[in-house]
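# Structural description and commentary
Residue strings, one per chain:
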Amino acid sequence: MMETDSAEIELERPGTTSLRAAFFGVWFVDLVATILFFTVPYASELNPVTVFLHDLFGMAGVVLAALIYAGFVVGIGSLLSRPFDVGFVTGAVVMYALFASNNVVLLVSREPLLAPIVP
């Protein structure tokens, strides 16, 4: 007979299947755009962790950074109970969609969708 420890952390998949698919979809678009930032002369990556890992490992470092970010989102979402996990992953999808849209527009038009506000 097996006994289970009541102090054991139970991980659940965060959000719904379609929400997780949306997260990984925009995450992948952002990953591709970030990789392209290191190949074009007119755009640069601003995230210091991604730049550091790129300097250490090249393009594999960019992928590693993206996997770390996705791991944080999935890990935190798995620890949260419903409905907080849905809200958290939804927020991550919205942020990734905004970042990915900005990155794609910057790569295509050489002008960012969201320009920094400088006084």
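The preceding data block contains the structure.
Residues numbered from 1 in each chain as written. Predicted model: local features only at pLDDT ≥ 70, side-chain atom pairs only at ≥ 80, totals over all residues. Heavy atoms only, no water.

## So, the overall build of the chain
To keep it simple, the criterion reads: Strands here are runs of E lasting at least two residues and helices are runs of H or I lasting at least four, both read from the DSSP assignment and numbered beginning at the N terminus. Only protein chains enter the area calculation, which uses a 1.4 Å probe; residues under 20% of their type maximum are buried, those over 50% are exposed, and those in between are partly exposed. Any pair of residues with heavy atoms lying within 4.5 Å of one another is described as a contacting pair. Surface accessibility in these figures is a Shrake-Rupley result with a 1.4 Å probe; residues are shielded only by whichever protein chains are displayed.
Check the secondary structure of the chain and you find 4 helices and 0 strands. Along the chain, from the amino end to the carboxyl end, the secondary structure elements read α-α-α-α. Counting the 119 residues in the chain, one finds 29% classified as buried. A sequence separation of at least 24 residues applies to 62% of the contacts in the chain between residues at least 6 apart. Surface accessibility of the chain: about 8100 Å² in total, with carbon and sulfur atoms responsible for 71%.

## Here's the deal with the nonpolar core
This is how it is decided: Note on terminology: a nonpolar core comprises buried Ala, Val, Leu, Ile, Met, Phe, Trp, Tyr and Cys residues joined through side-chain atoms within 4.5 Å.
F23, W27, L31, V89, V93 and Y96 are the most contacted members of the largest nonpolar core, which has 13 residues in total. At the level of elements, α1 (17-37), α3 (59-79) and α4 (84-109) are the ones that each hand at least two residues to this core. Ranked by the residues each element gives to this core, the list is headed by α1, at 5 residues. Contacts of W27, omitting those with residues within four sequence positions, involve A66, L67, A70 and Y96. Counting 5 residues, the second largest nonpolar core, distinct from the first, contains A33, F37, A43 and L107.

## Regarding helix α2 (residues 48-57)
How we decide: Think of a polar contact as two N or O atoms within 3.5 Å of one another; within protein, one of them needs to be a possible hydrogen donor and the other a possible acceptor, and neighboring residues in sequence only count if both atoms come from side chains.
Its side-chain oxygen placed 2.9 Å from the backbone nitrogen of V49, N47 serves as the N-cap of α2. Remark: G58 follows α2 within two positions and exhibits a positive phi of approximately 75 degrees.

## Let's talk about the layout of surface pockets
Put simply, the rule reads: Residues are called lining when one of their atoms sits within 4 Å of a cavity or pocket point, these points coming from a 1 Å grid over the protein atoms alone, where a cavity is a set in which a 1.4 Å probe fits but cannot get out and a pocket is an open set with protein on both sides within 12 Å along at least five of seven lines. Grid points are joined across faces, edges and corners, and a volume is the space filled by probe spheres set on the points. Polarity classes work like this: nonpolar for Ala, Val, Leu, Ile, Met, Phe, Trp, Tyr, Cys and Pro, charged for Asp, Glu, Lys and Arg, and polar for all others, with Gly in that last group.
By volume, the largest pocket amounts to about 770 Å³. For the largest pocket, the lining is made up of 30 residues, of which D30, E45, N47, F99 and N103 are closest to its centre. Put simply, the parts of the chain that give the lining of the largest pocket at least two residues each are α1, α3 and α4. No other element matches α4, which puts 10 residues into the lining of the largest pocket. Counted by class, the lining of the largest pocket contains 21 nonpolar, 7 polar and 2 charged residues.

## Quick notes on α3
Selection rule: A helix's residues, less one, multiplied by 1.5 Å, set its expected span.
Here α3 contains 21 residues, and its C-alpha end-to-end distance of 30 Å stays within 8% of the 30 Å for a straight helix at 1.5 Å per residue. Where α3 is concerned, the buried positions are G61, V62, A65, A66, A70, V73, G77 and S78. Residues of α3 that are buried in the fold lie against α1, α2 and α4.

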